[in-house]
Amino acid sequence: MSCQKLLFNIICLLVALQSVRSEEHPPWKWSCEDGACKKMKHEPGSSGSALSLEACKMFCNEYGLLWPRPTGYTDLGRFLSKININNIELQIERRGRSDNLMNAAGQRFKKLVSLAVPSGIIPKATGKSVYVYLVNEKPDVTDFSIDFDESYRLRVSPESNDRINATIVGNNFFGIRHGLETLSQLIVHDEIKNHLLMVRDVTIDDKPVYPYRGVLLDTARNYFSIDSIKETIEAMSSVKLNTFHWHITDSQSFPFVSKRRPELTKYGAYSPSKIYTEEMIRDVVEFARVRGVRVLPEFDAPAHVGEGWQETDLTVCFKAEPWASYCVEPPCGQLNPTKEELYDVLQDIYTDMADVFPSDLFHMGGDEVSERCWNSSRQVQQFMEENRWGLDKASYLQLWNYFQNKAQDRVYKAFGKRIPLILWTSTLTDYSHVDKFLNKDDYIIQVWTTGEDPQISGLLQKGYRLIMSNYDALYFDCGFGAWVGTGNNWCSPYIGWQKVYENSPKQMARDHQDQILGGEAALWSEQSDSATLDSRLWPRAAALAERLWAEPATSWREAERRMLNVRERLVRKGIKAESLEPEWCYQNDGYCYA
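In what follows, the accompanying structure is described. Bear in mind the structure is a predicted one, so any value in this text is a computation, not a measurement.

Observations concerning the environment of V130
Part 1 of the reasoning: Structurally, V130 is set in strand β5 (residues 128–136).
Part 2 of the reasoning: The exposure class of V130 is buried, given its relative accessible area of 2%.
Part 3 of the reasoning: Sequence separation between V130 and D218 is 88 residues; the distance between their C-alpha atoms is 42 Å.
Part 4 of the reasoning: In this structure, V130 is in contact with I83, N87, I88, E89, I164 and M198, ignoring residues within four places of it in sequence.

This is the structure in structure tokens:
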């Protein structure tokens, strides 16, 4: 027998075995009782009325299996229809510059539908056809903006005995994309009948509460592969997070390839293979755009610089020892603001970033600046004395402000416009004097201190817009062993998804909620890389996604059953999300509550 014929016979045998397996009588079925899916024995001959687990969960609470929960009117009806996975058609009703994005999002939708089927299962190719109509009100919009409209309207209804129509109306591509994400969550695999099932009668009006919903990934402490970054963005899109904040350089390494200053990467990357080139970044940016995710670059300065700058003579206290006297972790390093040539280098870096990151925002870092580091340089001291600033903390704020003003001007020149700028909370942003240094119309402040920090209310009262990343709920590197010294790392303990879910910007802002742009989970990578990325972020970042999309008045307890499903959905997509509970709890609603 030839190899080709043998291979053909093996394939036929596998398909036959699969067909037999799918026709076996499942031992269990589920029934919705008092808001919980109860597991019960599936008696022979009762398959007509039996519900699979996910089919049961679809109608056993107000929001079914949707994540994040919609914010407007939501009606999922009462019926599921069998659909044919091979007969799903998408039609774009209005054409424009976003057509390529719309087409790519449509193909991705079909892939999401296929992922509803467990690996190795071939569902029956019978059932109704599905026609999805995409109505983009502004088809020429392809760019992000902090105040754009991400709303969508979704209607699903039977057109005939053999067809279901789904219509998604959005103000732009990004709203349409969110609608497709929601529609994909209304399709489940019925393991009892081996069919794909779709909710038949649906009305959803939906839009996010906060416009900025992000994940920060630090790719400088440890390197992350492009594939792992794309997987993160794919997972983000599945829960409608919309900003990938790329902390791409730091004192430990400089993997960003600057065309205008290539020596920074030459001397600063961990190795020639651990870099991010223009082509790699453009690929990530376009991959993200199709998924409704902006890629926000951060160049952290004037602190958090070191490796790569050795040959420039533009830094101070690099690798200074004992490091704890000059910075918060090794190696230390800060830019020297007194060097006029520094600002030409910065403009080149900013310009290179503007070329590859077409973002509507830019993050300038600005955290953990040490006056002790600057004060270790006689050149800096002389500059301070010449300007009659003294050498105390207040005077070094003047030096920092001198740097920030000049760097801000270079960012505007690089991007060719007055792009909104983001800074971390710091001594410079202290509400008692922030308005002396930073214009509230130019700067957005990202809060990394605790959710109870008086700085939050102080900054809001002065009119500043905030992004919340309070470390006591949103630093996902917390709760592991210390990497300098012994014991646990500085922000322990580990933060569970429940605390992430309960972290409400509305409660922190009170009367100033309209000044909160949103929030962001941060993964600082001193103790993480591509191998651990998925389990650090997921499914905890999904808890953040629902908080920022819906700002629910209910607690994590009302979301728990849907949260377990989100985790399973992520795993089906290849995301190695951390397990939250025994699978027994997922199959037995309500029995794992304290």
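Read on, since the account is not over.
As for the pairing of strand β18 (residues 443–447)
Part 1 of the reasoning: With five of five residues buried, β18 lies mostly within the body of the structure.
Part 2 of the reasoning: Pairing analysis gives four bridges linking β18 to strand β19 (residues 465–468), with the strands arranged parallel. Residue pairing across strands places I444 opposite R465, the latter belonging to β19.
Part 3 of the reasoning: Read from β18 through helix α13 (residues 454–461) to β19, the crossover connection turns out right-handed.

Some details on the nonpolar core
Part 1 of the reasoning: Counting 119 residues, the largest nonpolar core has W246, W309 and W538 as its most contacted members.
Part 2 of the reasoning: With 10 residues, helix α11 (residues 393–415) is the single largest residue contributor to this core.
Part 3 of the reasoning: Among residues more than four places away in sequence, those in contact with W246 are L217, T219, I226, I229, Y276, I281, V284, V295, L296, P297, E298 and F357.
Part 4 of the reasoning: By size, the runner-up hydrophobic cluster in this structure holds 43 residues, among which are L65, F148, V156 and V199.

Describing the packing of aromatic side chains
In this description, a pair of aromatic rings is defined by centroid distance and the angle of the planes.
Part 1 of the reasoning: Following the criterion strictly, the structure yields 30 aromatic pairs and no others.
Part 2 of the reasoning: Aromatic side chains Y223 and Y276 sit 4.7 Å apart centroid to centroid with 20° between the ring planes, which places their arrangement in the stacked category. Placement of the pair is Y223 in the loop between β11 (212–218) and α5 (226–238) and Y276 in the loop between α6 (263–268) and α7 (278–290), with a sequence separation of 53 residues. Neither Y223 nor Y276 differs from the other in exposure class; each is buried.
Part 3 of the reasoning: For the pair W497 and Y501, a centre-to-centre distance of 6.1 Å together with 80° between the ring planes defines the contact as edge-to-face. With W497 and Y501 both in helix α15 (residues 497–502), this residue pair falls four residues apart, about one helical turn. Across the pair, exposure class does not vary: W497 and Y501 are buried alike.
Part 4 of the reasoning: Members of the aromatic cluster, joined through ring pairs, are F254, F299, W309, Y350, F362 and F415.
Part 5 of the reasoning: When the ring centre of Y131 is taken as origin, the NZ or CZ atom of R163, which lies over that ring, is 3.8 Å away.

Looking at the side chain of R289
Part 1 of the reasoning: On the secondary structure map, R289 appears in helix α7.
Part 2 of the reasoning: On the accessibility criterion, R289 (8% relative accessible area) is buried.
Part 3 of the reasoning: There is a polar contact of 3.4 Å between the side chain of R289 and the side chain of D143.

Remarks on the sheet that holds strand β6 (residues 152–160)
Part 1 of the reasoning: Taken together, eight strands build an open sheet; the order of strands is β3-β10-β6-β7-β5-β4-β9-β8 and the sheet is mixed. Whereas interior strands pair on both sides, the edge strands pair on one side only; in this sheet they are β3 (74–75) and β8 (187–190).
Part 2 of the reasoning: In the sheet, β6 pairs with strand β7 (residues 163–170) via eight bridges, with the strands oriented antiparallel. The partner of S160 across the bridge, within β7, is R163.
Part 3 of the reasoning: On top of the sheet, helix α3 (residues 99–115) reaches β4 (80–92), β5, β8 and β9 (195–199); it is set at about 165° to β4, its chief contact.

Some thoughts on α13
Part 1 of the reasoning: Among the residues making up α13, those that are buried are Q455, I456, G458, L459 and L460.
Part 2 of the reasoning: Where α13 is buried, its residues meet α12 (434–437), β18, β19, α16 (505–509) and β20 (516–523).
Part 3 of the reasoning: The N-capping residue of α13, defined by a side-chain oxygen 2.9 Å from the backbone nitrogen of Q455, is D453.
Part 4 of the reasoning: Among the residues trailing α13, G463 stands out with phi positive, at a value near 90°.

Structural notes on the packing of helix α10 (residues 378–386) against α11
Part 1 of the reasoning: The N-to-C vectors of α10 and α11 enclose an angle of 95°; their axes lie 11 Å apart at closest approach. By the criterion of interaxial angle, the relationship of α10 to α11 is roughly perpendicular. For the pair α10 and α11, the contacting residues are V380, Q381, F383 and M384 in the first and S395, Y396, L399 and Y402 in the second.
Part 2 of the reasoning: Here the residues of the contact of α10 with α11 are counted per class, giving six nonpolar, two polar and no charged.

Details of the environment of P505
Part 1 of the reasoning: Of note, P505 is situated in helix α16.
Part 2 of the reasoning: Sequence-wise, P505 and V411 are 94 residues apart; in three dimensions their C-alpha atoms are separated by 29 Å.

Rules behind the numbers
Residues numbered from 1 in each chain as written. Predicted model: local features only at pLDDT ≥ 70, side-chain atom pairs only at ≥ 80, totals over all residues. Heavy atoms only, no water. Helix = DSSP H or I, 4+ residues; strand = E, 2+ residues; numbered from the N terminus. Buried < 20%, exposed > 50% of the residue type's maximum accessible area, 1.4 Å probe, protein only. Contact = heavy atoms within 4.5 Å. Pairing = 2+ DSSP bridges. Right-handed = clockwise from strand over helix to strand, strands pointing away. Core = buried A, V, L, I, M, F, W, Y, C linked by side-chain atoms within 4.5 Å. Phe/Tyr/Trp six-rings, centres within 6.5 Å; stacked < 30°, edge-to-face > 60°. Lys NZ or Arg CZ within 6 Å of the ring centre and 35° of its normal. Polar contact = N/O pair within 3.5 Å; in protein donor to acceptor, adjacent residues only side chain to side chain. Axes fitted to C-alpha atoms, helices over the stretch in contact; angles between N-to-C directions. Parallel < 35°, antiparallel > 145°, perpendicular 65-115°, else oblique. Nonpolar A, V, L, I, M, F, W, Y, C, P; charged D, E, K, R; others polar.

These figures capture arrangement, not role.
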